[in-house]
Amino acid sequence: MAEEERQAMEGEALLQAIREVKEEHPDFGIKRVWSFLKETKNLEVSEKKVKKIMQENGLIMQDNASSESKPEEGNEEEGKDDKEGEEAKKKKNAKKKKQEKARDKAAFDEWCKKILTETAYLVDMVPADKRLEMPPIFRGYDFTGSLRPAYVTPQVKVPPHILQPDYAEKSIPLGEIEAKRSTLVDIKEGDSIEGMRLAGRLGREVLDIAARFLRAGVTGDEIDRIVHAACMERNCYPSPLNYHQFPKSVCVSPNEVICHGIPDCRPIQVEEEETGKRGGGGGER
């Protein structure tokens, strides 16, 4: 009962305040009465409640009621100014994003140029006219299409401070072989799960870098050098490297090469595959 009395008293007080506003500004409609109450009398009340009280007490003139659906004089200009301000803000934000994108692209291109310059010695040891020649080891191989392998640059080692899998030196994944022989289910938990999450995230980052660099005309070898550098910057071992003697840090598989293609000096055209290991886990894309 006390609550009902309190609400009734608040309603009476609000009605009195509305009457005072209407006496002073008889031309005010619902919206302007509500705004006036909030701004001058500091009343925290909803527009819906003001409208209800005004309707119940006959405080809405016919002309005012009809004008609620129309913009009040002066408000139309304000609305126009607000709209123009929003448009200008959108254009400014779009320009800012475009500039940020251009700076980001320039920084990425500069990084790629730096990496390729630093590792150019790997390919410069072979004359340009010899880089597209098929290695002798593939002579007599029964190819399924017109694609032919080209020169493969020497394998690059990973610095000792980076955690390396058991196949990094001798190419045989003993841990994997042993796990396959076991009938036990390896339940991951704690640090193992966090390591897998980290490996997956880093693998995704490196894949995005490779995809961003990939374009018509670049070679598989260049993609490999970019991927290897990205892995080294993240203290991350590139999973394919020396796995069963795989010579590179990334699999590059163009045209009829289904998967696990070895990056060479022939320009790439279609797709590539990248994996990464970090924190004891492996992430493949």
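Please read these numbers as outputs of a predicted model, since none were measured by experiment.

**Quick notes on the packing of helix α9 (residues 191-213) against helix α10 (residues 220-233)**
Close contact between α9 and α10 brings their axes to 10 Å; oriented N to C, the two are set at 150°. Classified by the interaxial angle, the pair formed by α9 and α10 is roughly antiparallel. Relative to α10, the crossing made by α9 is right-handed. Mapping the contact onto sequence places Val206, Ile209, Ala210 and Phe213 in α9 and Glu222, Ile223, Ile226, Val227, Ala230 and Cys231 in α10. Residue classes in the contact of α9 with α10 are distributed as nine nonpolar, no polar and one charged.

**A closer look at the nonpolar core**
Nonpolar side chains tend to gather and get buried jointly when the protein is soluble and globular. In terms of nonpolar packing, the biggest core is built from 28 residues, with Trp111, Phe213, Ile223, Ile226, Val227 and Tyr237 touching the most fellow members. Among the secondary structure elements, those contributing two or more residues to this core are α5 (75-118), α7 (167-170), α9 and α10. Top element by residues in this core is α10. It accounts for seven residues. Leu14, Phe36, Val45 and Leu59 belong to the second-largest nonpolar core, a separate cluster that totals 15 residues.

**A short note on the side chain of Lys22**
Tracing the backbone shows Lys22 in helix α1 (residues 2-24). Notably, Lys22 is buried but unbridged: the nearest opposite-charge side chain belongs to Asp27, and the N-O separation is 7.1 Å. A polar contact of 2.8 Å, which involves the side chain of Lys22, links it to the backbone oxygen of Phe28.

**Quick look at unusual backbone geometry**
Phi angles above zero are rare outside glycine, and Asn235 is one such case at about 50°. Tracing the backbone through its elements, the reader meets Asn235 in the loop between α10 and β1 (251-252). Residue class for Asn235 comes out partly exposed when judged on its relative accessible area of 37%. At His244, a position not held by glycine, the phi torsion is positive, near 50°. By the element assignment, His244 lies in the loop between α10 and β1.

**A look at the pattern of salt bridges**
It is possible for side chains bearing opposite charge to pair when their charged atoms get close. Evaluated as defined, the whole model comprises 15 salt bridges. Residue Lys31 is joined to Glu47 by a salt bridge in which the shortest nitrogen-to-oxygen separation is 3.2 Å. Taken together, the positions of Lys31 in helix α2 (residues 30-40) and Glu47 in helix α3 (residues 47-56) put the pair 16 residues apart, joining distant regions of the chain. The exposure class assigned to Glu47 is partly exposed, which follows from its relative accessible area of 26%. A salt bridge links Asp221 to Lys248; its shortest N-O distance comes to 3.8 Å. Of this pair, Asp221 sits in helix α10 while Lys248 sits in the loop between α10 and β1; the two residues are 27 residues apart in sequence, bridging distant segments of the chain. Grouping residues by exposure puts Asp221 and Lys248 together as buried. Three or more residues are tied together by salt bridges with common partners; here these are Arg201, Glu205 and Arg234.

**Brief notes about the packing of aromatic side chains**
For the coordinates displayed, the defined rule picks out five aromatic pairs. Between Phe28 and Phe36, the aromatic rings sit 6.0 Å apart at their centres with planes inclined by 65°, giving edge-to-face as the arrangement. Among the residues examined, Phe28 registers a relative accessible area of 9% and is labelled buried. Under the relative-accessibility criterion, Phe36 is labelled buried at 19%. Centroid distance Tyr167 to Tyr243: 5.2 Å. Interplanar angle 80°. Geometry classified as edge-to-face. Here Tyr167 is found in helix α7, whereas its partner Tyr243 is found in the loop between α10 and β1, with 76 residues between them in sequence. Given the relative accessible area of 4%, Tyr167 is considered buried. Following the ring pairs from residue to residue traces out a cluster consisting of Tyr167, Tyr237 and Tyr243.

**Some details on the environment of Ile60**
Secondary-structure assignment places Ile60 in the loop between α3 and α4 (62-67). Sequence separation between Ile60 and Asp27 is 33 residues; the distance between their C-alpha atoms is 9.5 Å.

**A few points about α9**
The terminal C-alpha atoms of α9, which comprises 23 residues, lie 33 Å apart, in line with the 33 Å expected from a rise of 1.5 Å per residue. Of the residues making up α9, those classed as buried are Gly195, Ala199, Gly200, Leu202, Gly203, Val206, Leu207, Ile209, Ala210 and Phe213.

Cut-offs used in this document
Residues numbered from 1 in each chain as written. Predicted model: local features only at pLDDT ≥ 70, side-chain atom pairs only at ≥ 80, totals over all residues. Heavy atoms only, no water. Axes fitted to C-alpha atoms, helices over the stretch in contact; angles between N-to-C directions. Helix = DSSP H or I, 4+ residues; strand = E, 2+ residues; numbered from the N terminus. Parallel < 35°, antiparallel > 145°, perpendicular 65-115°, else oblique. Left-handed = near helix turned anticlockwise from the far one by under 90°. Contact = heavy atoms within 4.5 Å. Nonpolar A, V, L, I, M, F, W, Y, C, P; charged D, E, K, R; others polar. Core = buried A, V, L, I, M, F, W, Y, C linked by side-chain atoms within 4.5 Å. Buried < 20%, exposed > 50% of the residue type's maximum accessible area, 1.4 Å probe, protein only. Lys, Arg positive; Asp, Glu negative; His and termini not counted. Salt bridge = Lys/Arg side-chain N within 4 Å of Asp/Glu carboxyl O. Polar contact = N/O pair within 3.5 Å; in protein donor to acceptor, adjacent residues only side chain to side chain. Phe/Tyr/Trp six-rings, centres within 6.5 Å; stacked < 30°, edge-to-face > 60°. Expected span 1.5 Å × (residues − 1).

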